[in-house]
Amino acid sequence: MGYRIVVAGATGNVGREMLNILAEREFPLADIAVVASSRSQGDEVDFGETGRKLKVQNIDNFDPTGWDMALFAIGSDATKIHAPRFAAAGCTVIDNSSLYRMDPDVPLIVPEVNPDAIAGYTKRNIIANPNCSTAQMVVALKPLHDFAKIKRVVVATYQSVSGAGKAGMDELFEQSRNIFVGDSAEAKKFTKQIAFNVIPHIDSFLDDGSTKEEWKMVVETKKILDTKIKVTATCVRVPVFVGHSEAINIEFENEISADQAQKILREAPGVMLVDKREDGGYVTPVECVGEYATFISRVREDSTVENGLSLWCVSDNLRKGAALNAVQIAELLGRRYLKKAD
């Protein structure tokens with residue numbers, strides 16, 4: 001036995017990564033279908049490194065009846081149309097867009113952090129995947145919160161261009177090449193030149209001066225981890241192709257030392273502690289690409305507050321920030337509720 005799985009948005013960055021991870025983790029499949037918009041109908045995509053090619057079907061004409069789960073990576077507009085249709089047909093939707101994240105009837109899940117919340121999926125037959133920058137942060141925060149109870153988090157992100165899709169990656173490549181040969185580096189996807197630059201602006205601006213990306217980190221952390229935690233974020237786009245980094249400052253209610261935090265993080269699920277306090281004894285985005293873990297480095301005490309720590313957090317945003325987390329949710333749903341893999 002196994003599961004009948006649909007990957008929606010299979011031609012995009014995240015959709016392709018979903019296929020790679022399903023293959024890598026040998027997800028128990030009875031059948032797999034890949035769907036996308038009509039523009040991609042008939043195209044073929046690789047099912048990881050299995051050598052198997054999958055033909056893309058038009059999501060508009062796809063009948064989800066009889067399929068167990070659908071991993072959605074198609075953006076909020078298309079999700080709004082298709083997720084209710086799939087869910088009503090009995091196919092549980094695991095959605096990577098922001099559409100349902102703050103819906104009180106839709107669980108927002110990071111399996112290492114709040115697996116029990118998945119029980120709420122039956123209300124709408126939809127499960128939300130968090131924002132990429134939130135996902136890696138809460139994996140780092142959860143074990144520390146369990147030990148010393150977090151009061152406040154101040155985070156600055158350094159987010160790669162792949163978070164803006166293929167167009168973002170293409171723009172960084174083209175601008176870098178153009179600058180080297182003396183051509184124009186016109187900004188199209190981003191609001192300013194991204195090559196050899198950083199842009200303190202991701203998503204749209206809100207009335208209070210923050211951006212929607214920053215708002216997502218605040219409200220999603222509260223929903224996933226603890227509503228009482230105060231969070232402030234500054235989200236920055238940087239000229240890195242894959243891998244989000246975060247400088248996180250944490251204030252706790254109870255005492256916790258850097259040594260205690262390192263010991264806790266060393267044992268925490270989904271975390272890889274690399275913190276040697278020497279040249280190169282930390283992880284950068286280059287090293288995290290293609291990895292499952294959320295990497296933690298630079299753990300140190302903050303003497304400016306009573307119980308404070310600072311740390312550096314890096315993860316592959318296409319994996320833990322999106323595709324891997326979605327597949328982990330599918331694994332969790334299968335183990336706890338659908339139980340077709342026995």
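Residues numbered from 1 in each chain as written. Predicted model: local features only at pLDDT ≥ 70, side-chain atom pairs only at ≥ 80, totals over all residues. Heavy atoms only, no water.

- The protein is annotated in an unreviewed UniProt entry as Aspartate-semialdehyde dehydrogenase from Sphingomonas echinoides.
- The annotation that UniProt attaches to the protein under Sequence similarities (unreviewed entry) is "Belongs to the aspartate-semialdehyde dehydrogenase family." (UniProt positions renumbered as here; feature names shortened; annotations may be inferred.)

**Observations concerning the sheet that holds strand E13 (residues 308-315)**
To summarise the sheet geometry, strands pair through backbone hydrogen bonds and adopt either a parallel or an antiparallel arrangement.
Then step 1. Ordered in space as E9-E8-E10-E13-E12-E11, the six strands form an open sheet in which the pairing is mixed. The outermost strands of the open sheet, each flanked by one partner alone, are strand E9 (230-237) and strand E11 (271-273). For this sheet the average axis-to-axis angle between neighbouring strands, irrespective of direction, equals 25°.
Then step 2. Alignment of strand E8 (residues 150-159) against E9, held across eight bridges, turns out to be parallel. Paired with Tyr 158 across the bridge in E9 is Val 236.
Then step 3. Those strands touched by helix H3 (residues 132-148) are E8, E9, strand E10 (244-252), E11, strand E12 (294-301) and E13, and its axis lies near 30° from that of E10.
Then step 4. Where helix H5 (residues 212-224) meets the sheet, it contacts E8, E9 and E10, and its direction lies at approximately 145° from that of E9. (Pairing = 2+ DSSP bridges. Helix = DSSP H or I, 4+ residues; strand = E, 2+ residues; numbered from the N terminus. Axes fitted to C-alpha atoms, helices over the stretch in contact; angles between N-to-C directions. Contact = heavy atoms within 4.5 Å.)

**Here's the deal with the pairing of strand E6 (residues 92-95)**
Then step 1. Judged by which residues are buried, E6 turns out to be covered on both faces: Thr 92 and Ile 94 on one side and Val 93 and Asp 95 on the other are all buried.
Then step 2. Note that strand E5 (residues 69-72) and E6 share four bridges and pair parallel. Directly across from Phe 72, in E6, lies its bridge partner Asp 95.
Then step 3. A crossover links E5 with its parallel partner E6, the connecting element being helix H2 (residues 75-88), and its sense is right-handed.
Then step 4. Here E6 runs beside strand E7 (residues 126-128); their pairing, made up of three bridges, is parallel. When the sheet's bridge partners are listed, Val 93 is paired in E7 with Ile 126. (Buried < 20%, exposed > 50% of the residue type's maximum accessible area, 1.4 Å probe, protein only. Right-handed = clockwise from strand over helix to strand, strands pointing away.)

**What about the pattern of salt bridges?**
Then step 1. One pass over the full model with this rule turns up 15 salt bridges.
Then step 2. Two residues, Glu 17 and Arg 319, come together in a salt bridge whose shortest N-O distance is 2.7 Å. Of this pair, Glu 17 sits in helix H1 (residues 13-24) while Arg 319 sits in helix H8 (residues 319-338); the two residues are 302 residues apart in sequence, bridging distant segments of the chain.
Then step 3. Note on Glu 17: relative accessible area 14%, which makes it buried.
Then step 4. Judged by relative accessible area, which is 4%, Arg 319 ranks as buried.
Then step 5. One salt bridge connects Glu 251 with Lys 151, and the closest N-O pair in it is separated by 3.6 Å. Placement of Glu 251 in strand E10 and of Lys 151 in strand E8 is noted, with a sequence separation of 100 residues between them.
Then step 6. On the accessibility criterion, Lys 151 (37% relative accessible area) is partly exposed. (Salt bridge = Lys/Arg side-chain N within 4 Å of Asp/Glu carboxyl O.)

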